[in-house]
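# What the coordinates show
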Amino acid sequence: MDQGIRRKLSRITNILWAGGVTNPVTYIEQISYLIYLKLLDEEEASRELRVRLKAGNGKRLFPDQAERFRWVKWRFYSGNKLRDFIRDEVFPYMASLVKDEPQVAEYFRDAVLEITDPNVLKQVVDELDTIDFRKMGPDVKGDIFEYLLTHLGQSALNGQFRTPRQIRAFMVAMTDPDIGDTVFDPACGTGGFLIDTVDYLLARYSETPQEVPIYGEDWLEKRNQTLDEAKNEIPSLQTFCKGAGERIPDWNLLEASIFGTDVSRQMMRISMMNLVLHGIGKAPLKRANVLSEMGGLTEDDLNRRYKVILSNPPFAGVLPKDSIRHDLPTSSKKSELLFLALLMESLAPGGRCAVVLPEGALFGASGAHKELRKKLVTDFEILAVVSLPAGVFKPYAGVKTSVLVFRKPVNLPENGNPATRKVWFYEIKNDGYDPDKIQGGVRPETPEKNEIPGLLKAWDDYKKFGFQTPPGKQAGAMLPPGSTEPKYWWAESEMIVTSDYNLTASRYKPQIAEEVPDEDPADLIREVLKIEQEITEGLEKLLKDVEEAG
């Protein structure tokens, strides 16, 4: 991203902070409102141009009587007039466009301008006015919002934690979405999984995809290196690809296939703006409680099934029994199990799912835990369990988690055999950041120790053979002394069943035998006898001293 843009964004966040808007979630939401208003004005200018050129249908966002609500018309206001006009007239107008511009109306529904100081608002409007979003590609605009979202890295989101990019990237790669696949995140937060899916598709359908380090392009600039130089120096450097997506066959199909819900309207707006700036302005995002009978879902929502599901749902929480949807395949009230049940229920035949789960969901001994894992093994193909380091969500929490990857078979096996035949386990101890240290509020980068590229390479080998032969050693194997600690292994479904459907990776990890000493066993026995004799003599002396003292 251009340094000039970065400086403008830093000035805007500093202005808001100094003006009393100190919650990152709030000031990102407030900036989102204003950016959206400017984008709509720029879109109106484009439509006016198309009308003059007699191209397009010429439908106006701001018909004559609404011209005064355009950014370009009120940006010169100041003082209370500016604040009151935006708050009392622009926002309500946008929220009223239910029929003509439903996405805009949904975005501004219940919107509240929380920048109450007119001078602070004027400064922010003036800074944004100097940014010409029309000249930027979706990748640059997306980078702008991603930069703003880094401010969320300094705080938890109402008890939820933003999934680190390096984790999202490998989850998207393992589910491998394509154009036409319906993609869903039922707890989408800032829209990270959905954005990464769009970026993945843009790169796949790009003439010249660009490979970028997971730490961002600035990371290379700071090191004064090209990507090739950095990869030569650090073979385990994790990267992802960006692209313009100029070969995407149907953009409308792409936009219509990105589904997300979140219980928070604030998060919903942030994720919508994130997608808008990435060029996806018509994605069917929705504020809803997907676990509740009265959560705001329509019949179409409830009946829709998805080809790809990616999620990191909230772990903590217990729902009142009467509020829980009755169609979920679990009797639990715990949100972690309810979300897992929802994902299983929402997957289309042949669909793939990757979800972050707390370790407890994989080994919990309650009847609800076992029943849900039994259904997973029986009715779904569990492709992988990726064990993550406990520090992956630091500094917010040190909870141990794993990523569960599974798919729904088109047809269940005959004779009642479980759909899962073998489960592949992969243990990641380092995800490109130190799992134990926190410096300056974040985990220090450790690109030379990142084990995610190794995971993706092994996954590609596994996938190449139709997931029939998992790479690595079989569970229960005893490796020769001196062997390298295994990174991945697999277990037969029969072993999973006899282990109460326990799905934790560590339970099935092959062991390394200890070295057998080279010494003569007779010498070892003599040495032990000598030690015992010395102990006996010491105790006899101690006993004598005690008796004499008494």
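As a reminder, the structure under discussion sits directly above these lines.
Residues numbered from 1 in each chain as written. Predicted model: local features only at pLDDT ≥ 70, side-chain atom pairs only at ≥ 80, totals over all residues. Heavy atoms only, no water.

Taken as a whole, this structure holds 26 aromatic pairs when the rule is applied. Geometrically, the ring pair formed by Phe259 and Tyr306 is edge-to-face, given 5.4 Å between the ring centres and 70° between the ring planes. In this pair, Phe259 is assigned in strand β4 (residues 258-262) and Tyr306 in strand β6 (residues 306-311), connecting sequence segments 47 residues apart. Centroid distance Trp459 to Tyr462: 5.9 Å. Interplanar angle 85°. Geometry classified as edge-to-face. Taken as a pair, Trp459 and Tyr462 lie in helix α18 (residues 452-464) at a separation of three residues, close to a single helical turn. (Phe/Tyr/Trp six-rings, centres within 6.5 Å; stacked < 30°, edge-to-face > 60°. Helix = DSSP H or I, 4+ residues; strand = E, 2+ residues; numbered from the N terminus.)

As a further point, take helix α6 (residues 118-129). Compared with an ideal rise of 1.5 Å per residue, which puts 12 residues at 16 Å, α6 spans 16 Å between its outermost C-alpha atoms and is within 8% of the ideal. All of the buried residues along α6 are Pro118, Val120, Leu121, Lys122, Val124, Val125, Glu127 and Leu128. Two or three places before Asn119, at the start of α6, stands the capping residue Asp117, its side-chain oxygen 2.9 Å from that residue's backbone nitrogen. (Expected span 1.5 Å × (residues − 1). Buried < 20%, exposed > 50% of the residue type's maximum accessible area, 1.4 Å probe, protein only. Polar contact = N/O pair within 3.5 Å; in protein donor to acceptor, adjacent residues only side chain to side chain.)

Here we come to the pattern of salt bridges. Counted according to the given criterion, the structure contains 39 salt bridges. Measuring nitrogen to oxygen at the nearest pair gives 3.5 Å for the salt bridge that ties Glu67 to Arg70. (Salt bridge = Lys/Arg side-chain N within 4 Å of Asp/Glu carboxyl O.)

The next point concerns the pairing of β6. Burial analysis of β6 places five of its six residues in the buried class, the great majority of the element. Relative to β6, strand β1 (residues 183-185) runs parallel, the two sharing two bridges. Pairing of Phe184 across the sheet is with Ile309, part of β6. With five bridges connecting them, β6 and strand β7 (residues 347-358) associate as parallel partners. Considered in β7, the bridge of Tyr306 is made with Leu347. Since β6 and β7 lie parallel, the crossover through helix α15 (residues 335-346) that links them has a hand, and here it is right-handed. (Pairing = 2+ DSSP bridges. Right-handed = clockwise from strand over helix to strand, strands pointing away.)

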